[in-house]
Amino acid sequence: MSQPATTTVEVNGHACRVWTKGQGPKVGFLGGLGGLPRWIPFLDRLAESRTVVVPSLPGYPGATGHTELDTHLDWVLAVRQLLDKAGLSGADLAGASVGGAFAAEMAAIFPGNVGKLALIAPFGLFDDKEPAADPWAQRKDVLPGLMCAEAATWNDLVAAPEGANSVEWPIEMTRASEAAARAFWPLGNTRLEKRLGLIEAPTLILWGERDAILPPGYAGTFARAIKGPTRVETVAQAGHLAYLDQPDAVANAVLKHFA
């Protein structure tokens, strides 16, 4: 894979990395738990026919500034700034896991700023009858098998990239986990269900059939609540981060929806 162009934008005075690759209409992507330590095959597949713009959320790999964000409103406004400064206002937007929750918030609260929407197992809800797993309460050796259908897929994502400082890299990944916890603890519940009815954008909801973090039944909850035309698809042989497990299948579904 060739590497994307890298730029930075400032959100609340802190630098956030923005990757860009491809040609065609823009599509934004907000990564899931763990962020994006490296460019991945899923993004390369999207870039075959679209200009893919991937801003890093505050505190995730490639970005700082999460400690400035104390409330959910702080996070929502920071993500709005991030997307605007990355040139994604009005573009189609995809998001996964924690990034999916923020993508949904953008479509609900700032509908004119989002074209079509694709959500890959988004956070934001909690059902006592089908409780989600707490990713911040897992042992290090257990977490990979919860994040992906194959534990090695997660381990490959979070391994230190070439040139990374071996001492600082674990700290950077811990910071990414802390950033997600600041935004979504406890249990990923931000009461997003109260705002889903504001989403009018055509929406695709993708869920890994082996998601061990968020029960696949949550997909129906999202679909029933969103006002705009919504379709749910299950991704075979995929866990919570389906775009890592099945990059081609997920990219094909997203590109078809955004066509």
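That block above? That's the structure.
Residues numbered from 1 in each chain as written. Predicted model: local features only at pLDDT ≥ 70, side-chain atom pairs only at ≥ 80, totals over all residues. Heavy atoms only, no water.

Peer 1: Please provide a residue-by-residue account of the packing of helix H3 (residues 98-109) against helix H6 (residues 168-184), values included.
Peer 2: At a minimum axis separation of 11 Å, H3 and H6 run at an interaxial angle of 45°. What the angle tells us is that H3 and H6 run oblique. Two packed elements cross with a definite hand, and for H3 against H6 that hand is left-handed. Counting all contacts with H3, which are made through Val98, Ala101 and Phe102, the residues of H6 involved are Ala180, Ala183 and Phe184. (Axes fitted to C-alpha atoms, helices over the stretch in contact; angles between N-to-C directions. Helix = DSSP H or I, 4+ residues; strand = E, 2+ residues; numbered from the N terminus. Parallel < 35°, antiparallel > 145°, perpendicular 65-115°, else oblique. Left-handed = near helix turned anticlockwise from the far one by under 90°. Contact = heavy atoms within 4.5 Å.)

Peer 1: How would you sum up the pattern of salt bridges? Please name residues and give values.
Peer 2: Across all of its chains, the model carries nine salt bridges by this definition. Between Arg182 and Asp70 there is a salt bridge, with the nearest N and O atoms lying 3.3 Å from each other. Of the two residues, Arg182 sits in helix H6 while Asp70 sits in the loop between strand E4 (51-55) and helix H2 (72-85), which places them 112 residues apart along the sequence. The class for Asp70 is exposed, based on a relative accessible area of 59%. Note that Asp84 and Arg80 form a salt bridge whose closest N and O atoms lie 2.7 Å from each other. Of the two residues, Asp84 and Arg80 are both situated in helix H2; the distance of four residues between them amounts to about one turn of the helix. The partly exposed category is assigned to Arg80, whose relative accessible area is 24%. (Salt bridge = Lys/Arg side-chain N within 4 Å of Asp/Glu carboxyl O. Buried < 20%, exposed > 50% of the residue type's maximum accessible area, 1.4 Å probe, protein only.)

Peer 1: Just give me the short version of the packing of aromatic side chains, but keep the residues and values in it.
Peer 2: In this structure the tally under the stated criterion is nine aromatic pairs. With centroids separated by 5.2 Å and ring planes inclined at 65°, the aromatic side chains of Phe29 and Phe42 adopt a geometry described as edge-to-face. Note that Phe29 is positioned in strand E3 (residues 26-30) and Phe42 in helix H1 (residues 41-46), a separation of 13 residues in sequence. With relative accessibility at 1%, the residue Phe29 sits in the buried group. (Phe/Tyr/Trp six-rings, centres within 6.5 Å; stacked < 30°, edge-to-face > 60°.)

Peer 1: Describe the nonpolar core, naming the residues involved and giving the relevant values.
Peer 2: Counting 92 residues, the largest nonpolar core has Phe29, Phe42, Leu43, Ile120, Ile199, Tyr243 and Val250 as the members making the most contacts within it. The element contributing the most residues to this core is H3, with eight residues. Those residues in contact with Phe29, other than ones at most four positions away along the chain, are Leu36, Phe42, Leu43, Val53, Val54, Pro55, Leu93, Ala94, Gly95, Ala96, Ile120 and Tyr243. (Core = buried A, V, L, I, M, F, W, Y, C linked by side-chain atoms within 4.5 Å.)

Peer 1: Pulling in residues and values, what's your account of the pairing of strand E5 (residues 92-96)?
Peer 2: Burial analysis of E5 places five of its five residues in the buried class, the great majority of the element. Alternating positions in E5 separate into two faces, Asp92, Ala94 and Ala96 on one and Leu93 and Gly95 on the other, with burial throughout. The pairing of E3 with E5 spans four bridges and is classified as parallel. Bridging from a neighbouring strand, Gly28 pairs with Leu93 of E5. (Pairing = 2+ DSSP bridges.)

Peer 1: Let's hear about unusual backbone geometry: which residues, and what values?
Peer 2: Residues other than glycine predominantly adopt negative phi, and peptide bonds predominantly adopt the trans conformation. Of note in this structure, Ala121 is not a glycine but carries a positive phi near 45°. With respect to the secondary-structure elements, Ala121 resides in the loop between strand E6 (117-120) and helix H4 (143-147). Positive phi, close to 55°, is recorded for Gln237, a residue that is not glycine. Looking at the element boundaries, Gln237 is found in the loop between strand E8 (230-235) and helix H8 (242-245). By relative accessible area, Gln237 is classed as partly exposed at 44%.

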